[in-house]
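Chain by chain, the residues:
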Amino acid sequence: MTAIRVVLHKISPEKLFMGSVLLVNGGNYLYNLILGRLLGPAAYSEAALLITLLLVLSFLGMTFQLATAKFAILFNNDDWVALKQLLYKYALGFGTLIGILLFAFAGSLQELFHTESSLLFKTFAVSVPLYFFMSVNRGRYQGKQDYQKLSLTYQTEMWSRLLITLGLLWLVPFEPAFLVALGIGLSFVFGLIPTDFNIKSIIQTVTLSKENKRKVISFIVLTACYELTQIIINNSDILLVKHYFDTLNAGLYSSLAMIGRVVYFVAWMFVMLLLPTVVQKQKDGEATAPILIKYVSYVGVLAIVIIFCCAVFPKLIIQLMFGEAYISMAPLLWQYALATSLFAISNIFAYYFLSLDKYIPVILSGVLGISQIVMIVFFHSTLYMVVQVQIIAMVTLLVAQLLYFAHNNILNKTS
């Protein structure tokens, strides 16, 4: 134990967090791979739909997490206490609203996505408020750069979801999609570990000044708009495929998406490190562009390696991860990996500018996100076409982000 403590002491908090995120991503992949093999393509399509809803929820939760993280750096003393009070109330209120809407429209969602029952949506809906509460909690650790506690919240959520879901599937003779929804919901409870929350965070009467409250609300609105574009770009393809194709093809496509999104999930790790670093450097009057370039370089190298592997060993990768039943997706694997890699890199740029309160990247992402949906709606005769449409949209988005970055740098140098 002493040797382990010495090693951990020598590892920087940032590297510890990066290692933790890689472990969480690995656990999430293991979770999906086991579900894919255990349920088969048709039943896995419903489980993948729930996992997609979880991703949608995580994007919405990021609005509160990033707002908490940013202003944890900028605010001190009473302003920080008032901010926590405000964001916990906003998060719980918004989470409750989303949960009620999901529960109320469960029947419509069942018809839209052709699921066996509406119970999975109702079960998922009940747990939604917890997720937003958990997001504010994580934002506190992220802003204070307490990466040990931040890492632990992701670990407890991921491992509990994996173990609870598999235990339910093996021991409870009930509809698999409902059991997956129940496992996801229960994992949010464990995601609250550790927590420094106390009831005073909500009931005490410290308030923000009008100017600071305006800054917080503006950032929340701006971030929410961007997270909405993230939801559209990152999840609309799976939802539209579930709507337009039969359950077998939808399940096959879900496996493709899960493998191809490796780059995006790893890029998310750098986003967690990027925002507090950029905000702190801007506060201290230091240059922020080198941080962006460093993280974009990391993600770019990773993307090239993964695309190469997916192009050279597609059948081997799919067979190892999901099994022979999914092998027909092999020709599309590298192309989907390319689309998500382009999105992951452009995402780093977007979060960088969000940290600096720049809103143009949000507009760019929104336009391209809507364009992607429109193109898939009109061009979805084959899964191959669905992937091609996404590559076109993501190339356009990345070029637009690069042009904006270059333009912004020129303005900064001339001002």
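A quick note: this is a predicted structure, and the numbers were derived from the prediction, not measured.

Visitor: Residue-level account of the confidence of the model for the protein, with values.
Guide: Chain-level pLDDT for the protein is 85 on average; 94% of the residues reach the 70-or-more range. Ranking the helices and strands of the protein by mean pLDDT puts helix H6 (residues 147-171) first, with 92, and helix H1 (residues 2-10) last, with 52.

Visitor: Describe the state of the cysteines, with residues and values.
Guide: Applying the stated criterion to the full structure yields zero disulfides. With no disulfide of its own, cysteine 309 has cysteine 310 as its nearest cysteine by sulfur position, at a separation of 6.9 Å. Taking the relative accessible area as the measure of exposure, cysteine 309 reaches 29% and is therefore partly exposed. A relative accessible area of 3% places cysteine 310 in the buried class.

Visitor: If you had to explain the layout of surface pockets to someone new, which residues and values would you point to?
Guide: As a volume, the largest pocket reaches approximately 440 Å³. Every residue lining the largest pocket is counted, 15 residues in all, and those nearest its centre are Leu53, Val56, Leu60, Leu102 and Ile231. For the lining of the largest pocket, the elements supplying multiple residues, two or more each, are helix H2 (13-74), helix H3 (77-104), helix H4 (106-113) and helix H9 (210-244). Top contributing element to the lining of the largest pocket by residue count: H2, with four residues. A breakdown of the residues in the lining of the largest pocket according to their chemical character gives 15 nonpolar, no polar and no charged.

Visitor: Before we move on, could you go through the packing of aromatic side chains and cite the residues and values that matter?
Guide: This structure, assessed with the given rule, holds 19 aromatic pairs. Measuring from ring centre to ring centre gives 5.9 Å for phenylalanine 64 and phenylalanine 94, while their planes differ by 50°; the resulting arrangement is tilted. With a gap of 30 residues between them, phenylalanine 64 in helix H2 and phenylalanine 94 in helix H3 connect regions that are remote in the sequence. Its relative accessible area of 5% is what places phenylalanine 64 among the buried residues. According to the relative accessible area criterion, phenylalanine 94 is partly exposed, its value standing at 30%. Plain terms: the ring middles of phenylalanine 349 and phenylalanine 405 are 5.6 Å apart, the flat faces sit at 65° to each other, and that makes the pair edge-to-face.

Calculation rules
- Residues numbered from 1 in each chain as written.
- Predicted model: local features only at pLDDT ≥ 70, side-chain atom pairs only at ≥ 80, totals over all residues.
- Heavy atoms only, no water.
- pLDDT = per-residue confidence, 0-100.
- Helix = DSSP H or I, 4+ residues; strand = E, 2+ residues; numbered from the N terminus.
- Disulfide = S-S within 2.5 Å.
- Buried < 20%, exposed > 50% of the residue type's maximum accessible area, 1.4 Å probe, protein only.
- 1 Å grid on protein atoms, 1.4 Å probe; cavity = no way out; pocket = protein on both sides within 12 Å on 5 of 7 lines; lining within 4 Å.
- Points joined across faces, edges and corners; volume = space filled by probe spheres on them.
- Nonpolar A, V, L, I, M, F, W, Y, C, P; charged D, E, K, R; others polar.
- Phe/Tyr/Trp six-rings, centres within 6.5 Å; stacked < 30°, edge-to-face > 60°.

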